[in-house]
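Take a look at the letters that make up each chain.
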Amino acid sequence: MSNFQEILTTRRTAYSFEKKHVSDSILQEALYAASQAPCHKHTNPWRFYILGGDIRKKLIPTIQKLADLKSAKRGSSDLEKGRNKAIQKIIDVPLLIAITSKRNELDSFREKEDYAATVCALHNLVLSLWDNEVSSQWSTGSITRDQETYRILSIDSQREEIIGFIKAGYSSSTPKVKKLKIEEISRFLE
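These lines cover the structure that appears in this document, whether it is placed above or below. (Residues numbered from 1 in each chain as written. Predicted model: local features only at pLDDT ≥ 70, side-chain atom pairs only at ≥ 80, totals over all residues. Heavy atoms only, no water.)

## As for the overall build of the protein chain
Reasoning step 1: Check the secondary structure of the protein chain and you find 7 helices and 4 strands.
Reasoning step 2: Helices and strands in the protein chain line up, N terminus first, as α-α-β-α-α-β-α-β-α-β-α.
Reasoning step 3: Taking 16 Å as the expected radius of gyration for a compact globule of 190 residues, we find that the protein chain reaches 18 Å, a close match to that expectation.
Reasoning step 4: Referenced to the eigenvectors of the C-alpha coordinate spread, the extents of the protein chain come out at roughly 55 × 45 × 40 Å. (Helix = DSSP H or I, 4+ residues; strand = E, 2+ residues; numbered from the N terminus. Rg over C-alpha atoms; globule rule 2.2 N^0.38 Å.)

## Quick look at the environment of Glu184
Reasoning step 1: For Glu184, the position within the fold is in helix 7 (residues 182-185).
Reasoning step 2: In sequence terms Glu184 and Ile90 are 94 residues apart; their C-alpha atoms lie 36 Å from each other.
Reasoning step 3: A polar atom in the side chain of Glu184 sits 2.7 Å from the backbone nitrogen of Lys181. (Polar contact = N/O pair within 3.5 Å; in protein donor to acceptor, adjacent residues only side chain to side chain.)

## Quick notes on the packing of helix 3 (residues 53-74) against helix 4 (residues 79-91)
Axis angle and axis distance: for two packed helices, these are the angle between their axes and the distance between the axes, and together they describe the pair.
Reasoning step 1: For the pair helix 3 and helix 4, the least separation of the axes is 8 Å and the interaxial angle reads 140°. Comparing their axes, helix 4 and helix 3 come out oblique. As for the relative orientation of helix 3 and helix 4, their crossing is right-handed in sense. Side by side, helix 3 and helix 4 meet where Arg56, Lys57, Leu59, Ile60, Ile63, Gln64, Ala67, Asp68 and Ser71 of the first sit next to Leu79, Gly82, Arg83, Ala86, Ile87, Ile90 and Ile91 of the second.
Reasoning step 2: By residue class, the composition of the contact of helix 3 with helix 4 is 9 nonpolar, 3 polar and 4 charged. (Axes fitted to C-alpha atoms, helices over the stretch in contact; angles between N-to-C directions. Parallel < 35°, antiparallel > 145°, perpendicular 65-115°, else oblique. Left-handed = near helix turned anticlockwise from the far one by under 90°. Contact = heavy atoms within 4.5 Å. Nonpolar A, V, L, I, M, F, W, Y, C, P; charged D, E, K, R; others polar.)

## Describing the pattern of salt bridges
Reasoning step 1: Per the stated rule, a full pass over the model turns up 7 salt bridges.
Reasoning step 2: Between Arg110 and Glu113 there is a salt bridge, and its shortest N-O distance comes to 3.1 Å. Of the two residues, Arg110 and Glu113 are both situated in helix 5 (residues 108-131); the distance of 3 residues between them amounts to about one turn of the helix.
Reasoning step 3: Salt bridges sharing common partners tie together Asp68, Glu80 and Arg83. (Salt bridge = Lys/Arg side-chain N within 4 Å of Asp/Glu carboxyl O.)

## A few points about a positive patch on the surface
Reasoning step 1: Together, Lys70, Arg74, Lys81, Lys85 and Lys89 make up a region of like positive charge exposed at the surface.
Reasoning step 2: Those elements that place two or more of their residues in the positive patch are helix 3 and helix 4.
Reasoning step 3: Take the positive patch: its biggest share by element is 3 residues, from helix 4.
Reasoning step 4: Locating Lys81 in the fold gives a position in helix 4.
Reasoning step 5: Judged by relative accessible area, Lys81 falls into the exposed class, the value being 59%. (Patch = residues over 30% accessible without salt bridge, like charges linked within 9 Å, V, L, I, M, F, W, Y side chains within 5 Å. Areas by Shrake-Rupley, 256 points an atom, 1.4 Å probe, with all protein chains shown as cover. Lys, Arg positive; Asp, Glu negative; His and termini not counted. Charge placed at Lys NZ, Arg CZ, Asp CG, Glu CD. Buried < 20%, exposed > 50% of the residue type's maximum accessible area, 1.4 Å probe, protein only.)

## Focus on a nonpolar patch on the surface
Reasoning step 1: There is a patch of nonpolar side chains on the surface, built from Leu180, Ile182 and Ile185 and spanning about 350 Å² of accessible area.
Reasoning step 2: Relative to the elements of secondary structure, Ile182 occurs in helix 7.
Reasoning step 3: Residue class for Ile182 comes out exposed when judged on its relative accessible area of 62%.

## Some details on helix 3
Reasoning step 1: Relative to the 32 Å expected for 22 residues at 1.5 Å per residue, helix 3 spans 30 Å between its end C-alpha atoms, a close match to the ideal helical length.
Reasoning step 2: For helix 3, the principal kink sits at Ile60 and spans about 40°; a proline, Pro61, occurs within the next four residues.
Reasoning step 3: Of the residues making up helix 3, those classed as buried are Arg56, Leu59, Thr62, Ile63, Leu66, Ala67 and Ser71.
Reasoning step 4: Of the residues trailing helix 3, Gly75 is marked for its positive phi of about 80°. (Expected span 1.5 Å × (residues − 1). Bend = angle between axes of the 7 residues up to and from the residue.)

Structure representation (structure tokens):
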């Protein structure tokens, strides 16, 4: 892919990934693209935590706890199946990145602007990966909001908010998605 409009309009979320390593050069290029995102007052509020195998294994008890809560909420009796599925979503993905945005208790508007900028950086990262034929999924599951996750990843929840995990890798299928027509999302005012 070399056409920017094509990259923008063809990118889709992937839900399964091949067991193929994403090269460090592709990751570095994506992180560089993320660092170039616009942000008001040049606050650079984003941080990217690339989660290796050891740190992921430390997340397993938290994943199991959250999977059990989810199963109980749904009334599911097969806790083991729920646990295994949740663990695989974190352990088996080739590339896993936690993304944070700066918190600002004293200025909620600044915090909102910083969150928006962080999402722009995240999107730059995803588009760069896509340009290199690496698919991704932005996940905001309960693991990203649990205080134990913050502790395990050594992220100060008073200073940074985890806005999601990016799961990335090579995918053998690209979902078809029906997008709204331009007329459905825009309105010209005179």
